[in-house]
Amino acid sequence: MSSIWMYGQGSGHTPREPLQGYTVEAADGVIGHVDRQQDQPGMQHLVVDTGVWVFGKSVLIPAGAVTGIDTETRTVKVVVTQEQVKAAPRFTTDSETADHDYLSAVGDYYVSLRPAAAH
């Protein structure tokens, strides 16, 4: 996979730091709350419960999209906008977190959103 599945330096990520319940903020507003996280190296991601914002769905956000974690305010900031999160490949079941094709589609989508210099 790619670096999209790893927390970047300066993100504030601490290995084994539980993020469940943290508020997730996009560049233009709140997305939801961290429901689950995967900290396996090279596969790090968050499953975010969007509540009613995206019709009660969850979204999978690769760790590489995280720009900051604030443990005092219990906030995770991501580089994408709310609309970009809505347009991401739909997450429907936990089994998808082990589906290589699904993860490739999600990773490719989030990589495509990065500025050209960040690829």
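Higher on the page you've got the structure.
A brief look at the structure comes next. Keep in mind that this is a model prediction, so the values were computed, not measured.

### Some details on the side chain of Gln37
1) Next: With respect to the element layout, Gln37 can be found in strand E2 (residues 29–38).
2) Next: Since its relative accessible area comes to 19%, Gln37 is described here as buried.
3) Next: In terms of polar contacts, Gln37 uses its side chain to reach the backbone carbonyl oxygen of Glu17, at 3.1 Å.
4) Next: Engagement of the side chain of Gln37 in a polar contact is seen with the backbone nitrogen of Leu19, the distance being 2.6 Å.
5) Next: If we ignore the near neighbours within four places in the chain, the residues touching Gln37 are Glu17, Pro18, Leu19, Gln20, His45 and Leu46.

### Describing the pairing of strand E4 (residues 58–62)
On any regular strand, side chains alternate: one points to one face of the sheet, the next to the other face.
1) Next: The buried count for E4 comes to five of five residues, which makes it a mostly enclosed element.
2) Next: Here E4 shows no split at all, with Ser58, Leu60 and Pro62 on one side and Val59 and Ile61 on the other all buried.
3) Next: The pairing of strand E3 (residues 45–49) with E4 spans five bridges and is classified as antiparallel. Along E4, the bridge assignment pairs Val48 with Val59.

So, how was this worked out
- Residues numbered from 1 in each chain as written.
- Predicted model: local features only at pLDDT ≥ 70, side-chain atom pairs only at ≥ 80, totals over all residues.
- Heavy atoms only, no water.
- Helix = DSSP H or I, 4+ residues; strand = E, 2+ residues; numbered from the N terminus.
- Buried < 20%, exposed > 50% of the residue type's maximum accessible area, 1.4 Å probe, protein only.
- Polar contact = N/O pair within 3.5 Å; in protein donor to acceptor, adjacent residues only side chain to side chain.
- Contact = heavy atoms within 4.5 Å.
- Pairing = 2+ DSSP bridges.

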